[in-house]
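# Fold and contact review
One letter stands for each residue in the lines below.
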Amino acid sequence: MEKILLRNVDAPDSHTIGAYRSRGGYRALEKVVREMSPERLIDEIKASGLRGRGGAGFPTGMKWGFVPKDSPKPKYVVCNADESEPGTFKDRLLIEKDPHSIIEGTIIAAYAIRSHTAFIYIRGELSFGAKVLGRAIEEAVAAGYLGKNIFGAGYDIDLILHRGAGAYICGEETGLLSSLEGGKGWPKVKPPFPATHGLFGCPTVVNNVETLASLPWIVERGAARYAAIGTEKSKGTKLFSVSGHIRKPGVYEVDMGYPFKKFLEEDCGGVPNGKKLKGVIPGGASMPVLRADELDGVTMDYESFQAAGTLLGSGGVIVMDESTCMVRSAWNISRFFAHESCGQCSPCREGCHWMEKIFRRVERGEGKAGDLELILSVSGNIMGNTICPFGDAAAMPAAAFIKKFRPEFDAHIAQKKCTVSAS
Amino acid sequence: MALEFSPETHKKFDAIVGRYPKKEAAMLPVLYLAQEEFGYLGPEAIEYVAAIMDVPVARVYGVVTFYTMLNMKPIGRHHTQVCRTLPCALAGAERITAAIKAKLGIELGETTADGRFTLSEVECLASCGTAPMMQVNDDYYENLSEQNVGEILDRLK
Ligand SMILES: Cc1cc2nc3c(=O)[nH]c(=O)nc-3n(C[C@H](O)[C@H](O)[C@H](O)COP(=O)(O)O)c2cc1C
Ligand code: SF4
Ligand code: FES
């Protein structure tokens, strides 16, 4: 498998502009700015089939195409480096090891929509990553890739690194924009979409780090080569972050369509300590869990994960072995969502806390008959009734844990304790 | 209202605000600047930031209370934050927290009497492949064990 996203991360000093340039860096940007019109660039990215890697999988070229060409307002591009989905740590690797690929990709996206101001919104906790990116931006300015009249081609672009301050919801694009406008990270009702009404009401494109880092390769090698990798609806390669009960945790780049079981068993070394696999969350904590017996034939792409009843999401693969208490895992995730709800809409604000409270009492052996139905009902009432998709992200995994591991939850309530793990 | 930026910080403030297309957008970086200068964001600091940012005090309060990294109260020199989310929990985060509590003699949310450590639990810090992990001030400590976490804390004076 050819490495696209991880092509640089193991090179010495990969974070420096010298190393990046010696490996072909910024050639794509030069080609774009000197030889391609924004329209042709957008067509090329559409043809590549690239879909957003932030979780929703929206086609990138199509998203850019929604930005009005003749708007008198300024336009903005924001690189979403808020990476906070539990189980996901792929963007952090790129930020720390290959910041220039992100910067180059961000400038390419800005050029596509004729934006002259771009932002990288990085989650506040990633201080080291912010330092690496900050230095890389200075290098790019000094080299003339950022600033006025880059490559002498008459295009100006400014890039501002902006640090968040600890709030998962600022990863949601409209929450991010509210945060960048200087307020709480409160999501906004869509439509209108950021493409027409984004930052300060101006046309804005928000793209994930991995999405943007894919662009230089696609521009240089051509959309056709990218589209040749993967499946019908999932093109190219994707990063997966693997954690939990697995022998070789880490970030893996995989051709879309790769067999999931083989990936876990061979590439990641399988479950350690002679234990058996019990369940796996394939797309970050917001996505429904799969039981071990549901993995046969599943491949790593948008279509196959969806057919299996879950979603590819951010590609955060969380592996749980047979000693894992699923009630405890469900409670852990519900606590995360209860903590992170921005509190703006009542189904989400109240519902997340409710689900957390009930999962907690079931976990402690204080559950009552009807508690599981109550969670399923709360979850059902959140779904589709909130301002932003956070509500669904909290509701889906809660319901999936109960449905997939029902006997274990029932046993917790009946026997007033955990029957799986000692702890 | 005695709080004010030092002249150097004021220069940084001007530079930051000048970077953004609109002044309000500089709110988080300015709050970081204030937190660094004043140690934490108490009522006086919040009023000061509201004044220099030309926004109502209530707006700054809203922002400060919304984000976990902005502190309204003083905290210890080493803010020790253990990740508790699922991947870290699967790797034994609870045992790490228990070991730290025992070593420092404090509970979650507390600060040691000498002001050296404040202990908190936090949600996923994008370091799940090297779990369990914690963040102390700006630094990540990964692949923790009950043994090495004590040694790490000993080195933080
Ligand atoms: C609750 C929530 C959290 C999100 N967190 C992130 C995140 O941390 N990083 C990210 O890139 N996208 C995140 N997203 C997705 C963004 O809203 C948005 O779809 C994405 O940044 C668009 O980029 P893409 O088209 O390149 O995927 C989140 C979405 C939701 C609903
Ligand atoms: S769904 Fe939840 S996170 Fe999203 S806006 Fe409503 S309360 Fe906030
Ligand atoms: S769960 Fe602890 S870093 Fe992700």
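Per-chain numbering applies: the sequence of each chain, read as written, is numbered from 1 onward. Chains carry letters and ligands carry numbers; both start at the beginning, A for chains and 1 for ligands, and go up in the order they are written. Thresholds applied to this predicted model are a pLDDT of at least 70 for local features of residues and 80 or more for the giving and counting of side-chain atom pairs; totals over whole chains, interfaces and linings are not thresholded and use all residues. Hydrogens are left out, water is left out, and the side-chain values use all remaining heavy atoms of the structure.

Turning to helix α6 (residues 93–104) of chain B, a few remarks are in order. Since there are 3.6 residues in each turn of an α-helix, residues three or four apart along the chain are aligned in direction. All names here are of chain B. Under the scheme used here, helices are H or I runs from DSSP no shorter than 4 residues and strands are E runs no shorter than 2 residues, and both carry numbers assigned from the N terminus. Helix span, expected: 1.5 Å multiplied by one less than the number of residues in the helix. In this model, α6 (twelve residues) spans 17 Å end to end at C-alpha, consistent with the 16 Å of a helix rising 1.5 Å per residue. Throughout, exposure labels follow a simple rule: accessible area from a 1.4 Å probe, protein chains only, divided by the maximum for the residue type, with under 20% read as buried, over 50% as exposed, and the rest as partly exposed. Considered for burial, the residues of α6 that qualify are Ala-93, Ile-96, Thr-97, Ile-100 and Leu-104. The buried residues of α6 occupy one face: seen down the axis, they fall within an arc of 95°. Exposed and oriented more than 90 degrees from the buried face of α6 are Arg-95 and Ala-102. Buried positions along α6 lie against β1 (78–83), α5 (86–90), β2 (117–122), β3 (134–136) and α7 (146–155). An arc is given here, and it is the one of the directions from the helix axis to the C-beta atoms. Contacts: residue pairs with any heavy atoms within 4.5 Å of one another.

Residues and elements named next belong to chain A. Looking at the secondary structure, you find Phe-337 in helix α13 (residues 326–340). Take Phe-337: its relative accessible area is 1%, and that puts it in the buried class. In sequence terms Phe-337 and Ala-285 are 52 residues apart; their C-alpha atoms lie 9.5 Å from each other. Excluding residues that lie within four positions of it along the chain, Phe-337 makes contacts with Tyr-168, Ala-285, Ser-286, Cys-352, Phe-390, Ala-393, Ala-394 and Pro-397.

Salt bridges are defined as contacts in which a side-chain nitrogen from Lys or Arg sits within 4 Å of a carboxyl oxygen from Asp or Glu. Counting across every chain of the model gives 34 salt bridges over all chains. A salt bridge links Arg-19 of chain B to Asp-158 of chain A; the shortest N-O distance between them is 3.2 Å. Here Asp-158 of chain A lies in strand β4 (residues 155–163) and Arg-19 of chain B lies in helix α1 (residues 7–19), a pairing that spans two chains. Here Asp-158 of chain A falls in the partly exposed class, since its relative accessible area comes to 29%.

A separate point is helix α4 (residues 57–66) of chain B. Those residues of α4 of chain B that fall on the buried side of the exposure criterion are Val-60, Gly-62, Val-63, Val-64 and Phe-66 of chain B. Those residues of α4 of chain B that are buried lie in contact with α2 (27–38) and α3 (43–53) of chain B.

Aromatic pairs are defined between Phe, Tyr and Trp rings, using the six-membered ring for Trp, whenever the two ring centres lie within 6.5 Å; interplanar angles under 30 degrees are classed as stacked, those over 60 as edge-to-face, and all others as tilted. Applying the stated criterion across every chain yields a total of 22 aromatic pairs over all chains. Seen from their ring centres, Tyr-26 of chain A and Tyr-145 of chain A are 4.1 Å apart, and the 25° between their planes marks the pair as stacked. Here Tyr-26 of chain A is found in the loop between α1 (17–22) and α2 (27–35), whereas its partner Tyr-145 of chain A is found in the loop between α7 (127–142) and β3 (147–150), with 119 residues between them in sequence. Neither residue differs from the other here; Tyr-26 of chain A and Tyr-145 of chain A are each classed as buried. Each ring, one from Phe-260 of chain A and one from Phe-305 of chain A, has its centre 5.2 Å from the other, and the planes form 85°; the classification is edge-to-face. Here the residue Phe-260 of chain A occupies a position in helix α11 (residues 260–267), and Phe-305 of chain A occupies one in helix α12 (residues 302–307), the gap between them amounting to 45 residues. Neither residue differs from the other here; Phe-260 of chain A and Phe-305 of chain A are each classed as buried. To sit over a ring, a charge needs its Lys NZ or Arg CZ within 6 Å of the ring centre and within 35 degrees of the ring normal. Between Arg-163 of chain A and the ring centre of Tyr-32 of chain B, over which it is positioned, the NZ or CZ distance is 4.6 Å. For Lys-238 of chain A, the ring lying beneath its charged end belongs to Phe-240 of chain A, and the centroid distance is 5.8 Å.

In this section: the sheet that holds strand β10 (residues 290–291) of chain A. Residue and element names in this part refer to chain A. For two strands to be treated as a pair, DSSP must find at least two bridges joining them. Across the sheet, which stays open at both edges, the five strands sit in the order β7-β6-β12-β9-β10 with mixed pairing between neighbours. Because the sheet does not close on itself, it has two edges, and the strands there are β7 (250–255) and β10. Pairing analysis gives four bridges linking strand β9 (residues 277–281) to strand β12 (residues 316–321), with the strands arranged antiparallel. In the sheet register, Ile-281 faces β12, and the bridge partner there is Ile-318.

Moving on, we come to the sheet that holds strand β5 (residues 204–208) of chain A. Residues and elements named next belong to chain A. Taken in spatial order, the five strands make up an open sheet running β3-β4-β2-β1-β5, and their pairing is mixed. In the strand order of this sheet, the two ends are held by β3 and β5, each with one partner. Taking the axes of each pair of neighbouring strands and ignoring which way they run, one obtains an average angle of 25° across the sheet. For strand β1 (residues 76–81) and strand β2 (residues 117–122), the ladder comprises six bridges, and the chain directions are parallel. If you follow Tyr-76 over to β2, its bridge partner there is Thr-117. Axis lines are fitted through C-alpha atoms, for helices just across the contact stretch, and the angle between N-to-C directions can take any value from 0 to 180 degrees.

A separate point is the site of ligand 1. All names here are of chain A. Taken together, 18 residues are adjacent to ligand 1, and Gly-54, Lys-63, Glu-173, Asn-208 and Thr-211 come closest. Counting of polar contacts relies on pairs of N or O atoms within 3.5 Å, with two restrictions inside protein: one atom must be capable of donating a hydrogen and the other of accepting it, and residues adjacent in sequence are counted only when both atoms are side-chain atoms. A distance of 2.7 Å separates an oxygen atom of ligand 1 from a polar backbone atom of Gly-54. Within the side chain of Lys-63, an N or O atom sits 2.8 Å from an oxygen atom of ligand 1. Note on areas: Shrake-Rupley with a 1.4 Å probe; residue coverage comes only from the protein chains shown. When ligand 1 is considered free in solution it has 610 Å² of accessible area, and contact with the protein chains removes 90% of it. In terms of residue count, β5 provides more of the shell around ligand 1 than any other element does, three residues in total. If even one non-hydrogen atom of a residue comes within 4 Å of a molecule or strand, that residue is called near it.

This brings us to the pairing of β1 of chain A. Residue and element names in this part refer to chain A. Along β1, six of the six residues are buried, which leaves the element largely enclosed by surrounding structure. Every second residue of β1 is oriented toward a common face, with Tyr-76, Val-78 and Asn-80 on one face and Val-77, Cys-79 and Ala-81 on the other, all of them buried. Of the pairings in the sheet, the one linking β1 to β5 comprises five bridges and is parallel in character. When the bridges of β5 are listed, Tyr-76 appears paired with Thr-204.

This part is about the interface of chain B and chain A. The parts lose accessible area when they come together, and the size of an interface is often stated as this lost area. Counting residues at the interface gives 37 residues for chain B and 57 residues for chain A. Buried area: the accessible surface (1.4 Å probe) lost by two parts on joining, summed over both. For the pair chain B and chain A, the summed buried surface comes to about 3600 Å²; carbon and sulfur atoms form 59% of the total. Three residues stand out in chain B for area buried against chain A, namely Phe-66, Leu-86 and Leu-90 of chain B, and they jointly supply 17% of the buried area on that side. At the junction of chain B with chain A, the criterion picks out three salt bridges. Scanning the region where chain B abuts chain A turns up 23 residue pairs in polar contact (both at pLDDT 80 or more). Of all the elements in the fold, those that place two or more residues in the side of chain B that touches chain A are α2, α4 and α5 of chain B.

Turning next to the environment of His-339 of chain A. Note on placement: His-339 of chain A falls in helix α13. Between the C-alpha atoms of His-339 of chain A and Cys-352 of chain A, which are 13 residues apart in sequence, the distance is 8.4 Å. Among residues more than four places away in sequence, those in contact with His-339 of chain A are Thr-68, Arg-84 and Glu-123 of chain B. Of note is the side chain of His-339 of chain A, whose polar atom sits 2.9 Å from the side chain of Glu-340 of chain A.

Once that is clear, we can look at the environment of Leu-119 of chain B. All names here are of chain B. Relative to the elements of secondary structure, Leu-119 occurs in strand β2. With 25 residues separating them in the primary sequence, Leu-119 and Glu-94 have C-alpha atoms 13 Å apart. Each residue touching Leu-119, except ones within four places of it in the same chain, is listed here: Thr-80, Val-82, Ile-100, Lys-101, Ile-106, Glu-107, Leu-108, Gly-109 and Glu-110.

Residues in a regular strand point their side chains to alternate faces of the sheet. Residues and elements named next belong to chain A. Of the strand pairs in this sheet, β3 and β4 are connected by two bridges, and their pairing is antiparallel. If you follow Ile-150 over to β4, its bridge partner there is Tyr-155. The loop that links β3 with its antiparallel partner β4 comprises four residues; one of these, Phe-151, has a positive phi angle of about 55°.

Shape is all these values report; function is a separate question.
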